[in-house]
Amino acid sequence: MSRATRQLVGIFLTVFLLLLLYRYHRTTTEDAQPSNSAPTVQDTPQHPSNDEYNPNFLWRTLPVRFPVAEIQPLPVELPRKLPKIQSADSKVSHTTLWQQRSRRVAVKNAFGRCWRSYDALAWSADELAPLSGAHTNGLGGWGATLVENLDLLWIMEMYDEFEKAVNAVTDIDFQVTGSPEINTHEINTRLLGGLLAAHDLSGDLRLREKAIELGDMLYAAFDTPNRMPIIHWDSHRAARQEEQLAEESVLAAELGSFTLEFIRLSQITGDPKYFDAAQRVMETFNRQQDSTKLPGLWPVSVNPRAELFDGDTFTLGAEANSLYKSLPRAYALLGGNVPMYRKMYEKATLTAAGHNLFRPMNLAEKDILTAGIVRVMTTQNGKPRTHLESQVQYRSCFAGGMFVLGSALFKIPMHKTIAHKLVDGCIWAHEAMPLGIMPEVLDTVPCASQTICPWNEWHWKQEVWKRARSLQLEPDPNLNTDAFIRDHHLPKGFISIPDTAYNLRPEAIESIFTLYRITGREDLLDVAWEMFRAILSATQVENGNTAIIDVTVGTEPIRVDSMPSFWMSQTLKYFYLMFSSPDVISLDEFVFSAGGHPLKLPTTS
């Protein structure tokens, strides 16, 4: 080979290698994910390309058995300029922020301890059992704790842990579950909400893809003749394309709580099918609202197959809270362009304020409110009669946050007053207990008037006596009321405590946080800190925190081998944000889902 030929070959090989290096550099650059150094929120719809997802992904390719005639599009109008939610008073001074720093660090340390235990003992499982070090998979086995806490890892600036978690989440296969039945409501509010919030905060497109995969799976549960979703769903049967019918009895909260996540999924994908699915369900709630046995509210249990809402029990507690709290938030997330949600909120709160809310008699004569249960009975002449049961559930503590948000969003001053009293009612229930923690369920004495309610010890003991006799199979006419009060650890004002447990729930701190952000009420900072200290003291164990059986006994509590995923993703999140600067997850920029996940609000420009 001549010298000239060798030179030409050398030049050719050099150019070839340079081209290979260029192509490799370009590919790796395009495949790189957004940096974790700062959030990059994407507000404009992102239309997926045909090759962006696995073409063999089951839930995307599954034929729709009952398609709708026409899919409702998202509102095309620009978002309205909604009122500012966060009070100017919540822009606290640098001195106050510095004072709250140690509290914020304490919450982060509590989270970090739980997260490290989950990482070491239950990674990719749904939940950690902290006493035994075992794990549980009650939410499909898709790593609920992992998915639900993505947004909080980002908020706490734990970016290394976030990246590790995202890498694990991308390996989740929503086609595979060992559970014969999954609760689509729980999967939606907890897992889908977690994926959407983490995407909104980080801009990581891998999370958007996983949200679409999970959203498509949940969308398949709506494939029934009347497009009402199946809540207790056998996904294996659905995958085999067997017949699907909506159930005949589900909780109203389960049926009506897909709205926020499905709206946001349509917003970030540009695909209106998710919004359409949830909107059809909520339009059914809207049509039924004025014709229930307690017009304005929906009964605890409904029949989605027949679209019957004829139950006789109405509450703001466990069976309904996520439904009601979603109404003002859906209005905001849709930029105020679907007035139906405001009307539903206003009707619901008007009825609740007139029937469910009551002032409990208490020793300090505090002007507070709590939410009870209303049952509607039919009298002998065929007319309805309402009966208030003064039973208060921990989960009804969400109501204070709902009322203050509605007050700010819809300019209803009275709702702010109600919100303060509701939050104070839950604070009172916490502070009345030896451990400083409100029990899951308690019964109180309702005042005859919400304006004047003097303490009457004789009346309280009479109500305790009545309740005690009603609990006995053979009522004892010689019942010693004082002994019953002592044996059952009843604080003054409480007539019974049907469920003495605390399951690490977030509703009280959720409302305290919301009220603080909207009103700037500074005493809530110290209230929240004392609540956090009390909860941590009673529930902390080596591998995290546990639910406890009895908050009425001041001695060492009996712990349960359970740490629900919402302990970190909601309870600790709200405590952390309580002690953070108000511009961290501002309520003017985000709306919290029912599962405590911040979803990005649309911008007006």
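About the cut-offs
Residues numbered from 1 in each chain as written. Predicted model: local features only at pLDDT ≥ 70, side-chain atom pairs only at ≥ 80, totals over all residues. Heavy atoms only, no water. UniProt positions renumbered as here; feature names shortened; annotations may be inferred. Helix = DSSP H or I, 4+ residues; strand = E, 2+ residues; numbered from the N terminus. Areas by Shrake-Rupley, 256 points an atom, 1.4 Å probe, with all protein chains shown as cover. Pairing = 2+ DSSP bridges. Buried < 20%, exposed > 50% of the residue type's maximum accessible area, 1.4 Å probe, protein only. Axes fitted to C-alpha atoms, helices over the stretch in contact; angles between N-to-C directions. Contact = heavy atoms within 4.5 Å. Parallel < 35°, antiparallel > 145°, perpendicular 65-115°, else oblique. Left-handed = near helix turned anticlockwise from the far one by under 90°. Disulfide = S-S within 2.5 Å. Core = buried A, V, L, I, M, F, W, Y, C linked by side-chain atoms within 4.5 Å. Nonpolar A, V, L, I, M, F, W, Y, C, P; charged D, E, K, R; others polar. Phe/Tyr/Trp six-rings, centres within 6.5 Å; stacked < 30°, edge-to-face > 60°. Patch = residues over 30% accessible without salt bridge, like charges linked within 9 Å, V, L, I, M, F, W, Y side chains within 5 Å. Salt bridge = Lys/Arg side-chain N within 4 Å of Asp/Glu carboxyl O.

Where an unreviewed UniProt entry is consulted, the protein chain appears under the name alpha-1,2-Mannosidase, with the organism given as Penicillium antarcticum. Here the protein chain is described in UniProt, under the heading Cofactor (unreviewed entry), as follows: "Ca(2+)". Database annotation for the protein chain, UniProt heading Sequence similarities (unreviewed entry): "Belongs to the glycosyl hydrolase 47 family."

(A) Summary view of the overall build of the protein chain. Across its full length, the protein chain holds 21 helices and 18 strands. Counting only carbon and sulfur atoms, one obtains 53% of the accessible surface of the protein chain, whose full area is about 25800 Å².

(B) Examining the sheet that holds strand E10 (residues 373-378) more closely. With antiparallel pairing, three strands are arranged side by side in an open sheet as E7-E10-E11. For this open sheet the edge positions go to strand E7 (313-314) and strand E11 (384-389), each flanked by a neighbour on one side alone. Judged from the six bridges that link them, E10 and E11 form a sheet pairing that is antiparallel. Within E11, the position partnered with Val374 by the bridge is Leu388.

(C) Expanded view of the pairing of strand E13 (residues 441-444). By the alternation rule, side chains of E13 split into Val441 and Asp443 and Leu442 and Thr444, which are all buried. As defined by bridge partners, strand E12 (residues 391-393) adjoins E13 across three bridges and the pair is classed as antiparallel. Paired with Val392 across the two strands is Leu442, which belongs to E13.

(D) Region of interest: the sheet that holds strand E14 (residues 494-499). One open sheet accounts for three strands, arranged E12-E13-E14; its pairing is antiparallel. One side of each edge strand has no neighbouring strand; the edge strands of this open sheet are E12 and E14. Each strand axis lies, on average, 25 degrees off the axis of its neighbour in the sheet, ignoring direction. Contacts from helix H17 (residues 457-471) reach E13 and E14 within the one sheet, and its direction differs from that of E14 by about 35 degrees.

(E) Fine view of the packing of helix H8 (residues 205-220) against helix H12 (residues 273-288). Across the interface, H8 lies against H12 with an axial gap of 11 Å and an inter-helix angle of 40 degrees. Our classification of the angle between H8 and H12 gives oblique. Crossing of H8 against H12: the hand is left-handed. Where H8 approaches H12, its residues Ile212, Gly215, Asp216 and Tyr219 are matched on the opposing element by Lys273, Tyr274 and Ala277.

(F) Highlighting the state of the cysteines. The full count for this structure, using the stated rule, is two disulfides. Bridging Cys397 to Cys426, the disulfide has an S-S length of 2.1 Å. Because the sign of the S-S torsion sets the handedness, a value of about -105 degrees for the bond joining Cys397 and Cys426 places this disulfide among the left-handed ones. Placement of Cys397 in the loop between E12 and helix H15 (399-410) and of Cys426 in helix H16 (residues 413-431) is noted, with a sequence separation of 29 residues between them. Given the relative accessible area of 3%, Cys397 is considered buried. By relative accessible area, which is 11% here, Cys426 ends up buried. Disulfide pairing places Cys447 opposite Cys453 at an S-S distance of 1.9 Å. The disulfide joining Cys447 to Cys453 has a torsion of about -75 degrees about its S-S bond and is therefore left-handed. If you count the bonded cysteines of the protein chain from the N-terminus, they pair up as 1-2, 3-4.

(G) Focus on helix H11 (residues 259-269). For H11, the tally of buried residues reaches eleven of eleven residues, placing the bulk of the element in the interior. All buried positions along H11 are accounted for by Thr259, Leu260, Glu261, Phe262, Ile263, Arg264, Leu265, Ser266, Gln267, Ile268 and Thr269. Once H11 finishes, Gly270 follows within two positions and takes phi at roughly 80 degrees, a positive value.

(H) Representation of the nonpolar core. Judged by nonpolar contacts, the single largest core of 184 residues is most densely connected at Met217, Phe285, Tyr324 and Ile512. Top contributing element to this core by residue count: helix H20 (residues 523-539), with eleven residues. Sequence-distant contacts of Ile512, defined by excluding residues within four places in its chain, comprise Val423, Ile427, Leu524, Val527, Ala528, Met531 and Met578.

(I) Representation of the packing of helix H13 (residues 321-333) against helix H14 (residues 340-355). Two elements in contact, H13 and H14, have axes separated by 8 Å at closest approach and are oriented at 145 degrees. Here the hand of the crossing between H13 and H14 comes out left-handed. Contacts between H13 and H14 involve Tyr324, Leu327, Pro328, Ala330 and Tyr331 on the former and, on the latter, Tyr341, Arg342, Met344, Tyr345 and Ala348. Residue composition of the contact of H13 with H14, by class: nine nonpolar, no polar and one charged.

(J) The packing of aromatic side chains, seen in detail. In the structure shown here, the tally under the stated rule is 27 aromatic pairs. Taking 5.5 Å as the distance between ring centres and 75 degrees as the angle between the ring planes, the aromatic pair formed by Phe285 and Trp298 counts as edge-to-face. Here the residue Phe285 occupies a position in helix H12, and Trp298 occupies one in the loop between H12 and strand E6 (301-302), the gap between them amounting to 13 residues. No difference in accessibility class separates Phe285 from Trp298, as the two residues are buried. Ring geometry for Trp428 against Phe494: centres 5.1 Å apart, planes inclined by 40 degrees, an arrangement best described as tilted. Taken together, the positions of Trp428 in helix H16 and Phe494 in strand E14 put the pair 66 residues apart, joining distant regions of the chain. Members of the aromatic cluster, connected to one another through ring pairs, are Tyr219, Phe222, Phe258, Phe262 and Tyr274.

(K) Representation of a nonpolar patch on the surface. Among the surface-exposed residues, Ile549, Ile558 and Val560 lie close enough to one another that they form a single nonpolar patch of about 240 Å² accessible area. Mapping Ile558 onto the fold places it in the loop between strand E16 (544-545) and helix H21 (566-578).

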